Amino acid sequence: IQIGNNLSKDQKSKVSVQCEEFADMFALSVSEVYPVDFKMFKLHFPEDTTFRTKVNQQPLTPLQWE
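This section reports on the structure supplied with the text. This structure is a prediction, so every number in the text was calculated from the model and none was measured.

**Notes on the pattern of salt bridges**
Consideration 1: In the structure shown here, the tally under the stated rule is 1 salt bridge.
Consideration 2: Two residues, lysine 14 and aspartate 10, come together in a salt bridge whose shortest N-O distance is 3.6 Å. Of this pair, lysine 14 and aspartate 10 both sit in helix α1 (residues 9-21), 4 residues apart, roughly one helical turn.
Consideration 3: Judged by its relative accessible area of 53%, lysine 14 is exposed.
Consideration 4: In this structure aspartate 10 comes out as partly exposed when scored by relative accessible area, which is 48%.

Calculation criteria
Residues numbered from 1 in each chain as written. Predicted model: local features only at pLDDT ≥ 70, side-chain atom pairs only at ≥ 80, totals over all residues. Heavy atoms only, no water. Salt bridge = Lys/Arg side-chain N within 4 Å of Asp/Glu carboxyl O. Helix = DSSP H or I, 4+ residues; strand = E, 2+ residues; numbered from the N terminus. Buried < 20%, exposed > 50% of the residue type's maximum accessible area, 1.4 Å probe, protein only.

Here's what the structure looks like:
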């Protein structure tokens, strides 16, 4: 992230703090995102739910056929 020269030192400082705090929002790849231990997601499915375990191949595009 480039911070412009048209900001005061105080404004640049505030922008830098915000960029550091929300660095994962500006990440270009998952490797730049910091892991966190304070958030957990739980998915609740009914007990009789079944899932497909076979993964089907995606159809080839015309360019891949060649």
